[in-house]
Amino acid sequence: MISYLLEPIKIGDINLKNRIAMSPMISNLGSPEGYPTDAYIAYLSERAKGGVGLIITEYTYINKLDSRGSVNELGLYSDELTPKFMRLTEMIHALGSKIFVQLVHAGRKTKRDVIWGNTPIAPSPMPLTDEVREMNLNDIRRIKEEFISASIRARRSGFDGVELHGAHGYLLAQFMSPAVNRRNDEYKDGVKLVEEIVQGIKESKMTVGIRLSVTEFDDLGLHPEDVAEIVKRLEKAGIDYVHLSAGRDGPMNSSMPFYYKHLSFLEEIESIRDKIHVPLFIVGSIMNLHDALKAREVADVVVLGRSLLADPYWMKKALTNEPIRPCIRCNQSCRGMVYREVRCDVNPELGWEILPPMERGKGEVEVVGGGVMGMEAARVLAKRGFSVTLYEREDKLGGQFLLFKDPWKINEFNSIVDFYKNELERLGVEIKLRSEVNCNNGKCIYAVPEQHSPEPPELKGKRILIDSTLYAYHDYAFYLAKDNEVYMTEDSLSILDRTRQFLLKENLKEVGVNFVQKATGSFDVVFNEKVRDQPTIGKSIQRGYWLGRTFSLR
Ligand SMILES: Cc1cc2nc3c(=O)[nH]c(=O)nc-3n(C[C@H](O)[C@H](O)[C@H](O)COP(=O)(O)O)c2cc1C
Ligand code: SF4
């Protein structure tokens, strides 16, 4: 029942108006000095307008020495930043939501150039990318003070609470994980450091929670039963809530792609649920209302990440039954965020919330092309007030989506086509299938991609090599493997996010695709296009958006 998501709840000293929270997500919309820019404030404000009870900011660094993980991350390392953060908290409060700041020290999970040329530090000298320095007791004391000072600054800045980032292999997780903490001193027990930080923060009466990885997907790392023990100790130390995610350094990580189940970590969380006595937040591929209600059966607060990037109005729309623009878990434009601003393949407005409202329009417009580009253009035009007719040559909407062969892709990506169908109907767009028009007048938009994916090849009994970064060939491998001997080079998948790469490889192996480091031997057919620029869903939707947004009747 949707009302379970609408019940208020008290977290520490703070009352949340409902049970939906926005997950912490690095955006790189902050300034190089670490303050929230107007673009960042607009980005979060949109999510507050969308009705979430709580926003947890992106990870936010605590010192200007060695703690940062991304170049334009938020930072709460100095009192000078407080007024800038007040602009953010004031706005979110005015819009009726609460806001916590997630505090992080990246530890070994950063690079020298991101931390002003300094050497990354870690509990033990085990590098991840750049060389690391093992922390001494002074470092540990310093870090503890920095977390506590940042939380005092957070309170002065108007934040309602702080969340310690103790998940995903960042410094606090490095201390707690037996895979990474090889110390011989008192901080071999890494939970001790976290207890001390929690106690220090509680002295200033701030509400404080912690994000933990319920599993690190690694035999040597943390497992649910270890996490239950950690929670027990942190509850004693005064923690106000626990937020369970998963992953350490990959390839399996917190943002699971479409090859992995919805409610990704539910089973692991359920296995320790009865050992947690403070409010429990859970996250991980909670994509639709059905998932959210299922999550709520286990959790006190349901946390949404990419769903809110794809549609900031997820919560409001779920209540009013309006079509929600779904995140398709492609991990294309929202991952690999050290040096780029966040973007979303299905939501061209992400990162651009600061743009002025669209100009109103009037009159009839024709859009040619029933792929995502045309559907997005039609959507935007209809929202602007035009009366829109969409023409598609085929007997179905979807364009190049109709070529997909990867069963997981078909399953998840079709949700965006369904969204457009429902949204266009809601907006009163007339759709004419099996129709072609001459698009050569001032009231017509031609919304068909210039670049096309290759057609699925018809081959049988062949020895085929795929040494190509074209997404289309990764996809066609599923069906080529049915009647052919298919080989794929490791390099072919190198353009994908690591988790997607890992899971796709597993799935392709399952249907018989052979992976090779290098192509050797002879093949009947070779697909070897290596491209930097290829058709993507993100590019098509973005083009459709701008065609619709900039159109005017002459
Ligand atoms: C763009 C992006 C940035 C992220 N940054 C953070 C972060 O700053 N702190 C954090 O704890 N998790 C971060 N994550 C993980 C998310 O908070 C979330 O746990 C994960 O995406 C799973 O939730 P979802 O399936 O609802 O997206 C990030 C994820 C994305 C997609
Ligand atoms: S880029 Fe893909 S995974 Fe990321 S939020 Fe958008 S749809 Fe979801």
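Residues numbered from 1 in each chain as written. Chains lettered and ligands numbered in written order. Predicted model: local features only at pLDDT ≥ 70, side-chain atom pairs only at ≥ 80, totals over all residues.

### Observations regarding the site of ligand 1
Turning to step 1, where the next piece is worked out: Not every one of the 25 residues close to ligand 1 is listed here, only the nearest: Ser 23, Met 25, Tyr 59, Gly 305 and Arg 306.
Turning to step 2, where the next piece is worked out: Among the residues forming the shell around ligand 1, the class breakdown is 11 nonpolar, 11 polar and 3 charged. (Near = placed C-beta within 6 Å. Nonpolar A, V, L, I, M, F, W, Y, C, P; charged D, E, K, R; others polar.)

### Re the sheet that holds strand S19 (residues 485-489)
Turning to step 1, where the next piece is worked out: Strand order in the open sheet made by the 4 strands is S20-S19-S18-S21, with parallel pairing throughout. Edge positions in the sheet fall to strand S20 (514-516) and strand S21 (525-527), since each has one partner strand and no second. In this sheet, adjacent strand axes meet at a mean angle of 20° when their direction is disregarded.
Turning to step 2, where the next piece is worked out: Bridge analysis of strand S18 (residues 463-466) against S19 gives 4 bridges, and the strand direction is parallel. Bridge pairing links Ile 464 to Val 486 in S19.
Turning to step 3, where the next piece is worked out: Where helix H14 (residues 471-483) meets the sheet, its contacts fall on S18, S19 and S21, and the angle it forms with S19 comes to roughly 155°. (Pairing = 2+ DSSP bridges. Helix = DSSP H or I, 4+ residues; strand = E, 2+ residues; numbered from the N terminus. Axes fitted to C-alpha atoms, helices over the stretch in contact; angles between N-to-C directions. Contact = placed C-beta atoms within 7 Å.)

### What about the domain arrangement of the protein?
Turning to step 1, where the next piece is worked out: We note that the domain assignment places domain 1 (3-305), domain 2 (364-444) and domain 3 (463-527) within the protein.
Turning to step 2, where the next piece is worked out: The straight-line distance from the C-alpha centre of domain 1 to that of domain 2 is 40 Å. (Domains from an automatic or database assignment.)

### Section: helix H6 (residues 191-203)
Turning to step 1, where the next piece is worked out: When the terminal C-alpha atoms of H6 are compared, their 19 Å separation across 13 residues agrees well with the 18 Å that a helix rising 1.5 Å per residue should span.
Turning to step 2, where the next piece is worked out: Looking at H6, one finds that the buried residues are Val 191, Leu 193, Val 194, Ile 197, Val 198 and Ile 201. One side of H6 carries all its buried residues, which in axial view fall inside an arc of 155°.
Turning to step 3, where the next piece is worked out: At its buried positions, H6 is contacted by helix H4 (137-156), strand S9 (161-166), helix H5 (171-176), strand S10 (207-213) and helix H7 (224-237).
Turning to step 4, where the next piece is worked out: At the C-terminal side of H6, Lys 205 shows a positive phi close to 65°. (Expected span 1.5 Å × (residues − 1). Buried ≥ 20, exposed ≤ 12 C-beta atoms within 10 Å, placed from the backbone. Arc of directions from axis to C-beta.)

### Looking at the environment of Met 206
Turning to step 1, where the next piece is worked out: With respect to the secondary-structure elements, Met 206 resides in the loop between H6 and S10.
Turning to step 2, where the next piece is worked out: Looking at Met 206, the number of C-beta atoms within 10 Å reads 22, which means it is buried.
Turning to step 3, where the next piece is worked out: Residues Met 206 and Phe 258, 52 residues apart in the sequence, show an inter-C-alpha distance of 38 Å.
Turning to step 4, where the next piece is worked out: Filtering out sequence-adjacent residues up to four positions away, Met 206 remains in contact with Ser 151, Ala 154, Arg 155, Gly 161, Val 162 and Ile 201.

### Some words on the sheet that holds strand S17 (residues 444-446)
Turning to step 1, where the next piece is worked out: Spatially, 4 strands are ordered S16-S15-S14-S17 in an open sheet, and the strand pairing comes out parallel. Edge strands, defined here as strands with exactly one partner in the open sheet, are strand S16 (430-432) and S17. With direction set aside, neighbouring strand axes in the sheet form an average angle of 20°.
Turning to step 2, where the next piece is worked out: Note: strand S14 (residues 364-368) against S17, 3 bridges, orientation parallel. Counted as the bridge partner of Val 368 is Tyr 446 from S17.

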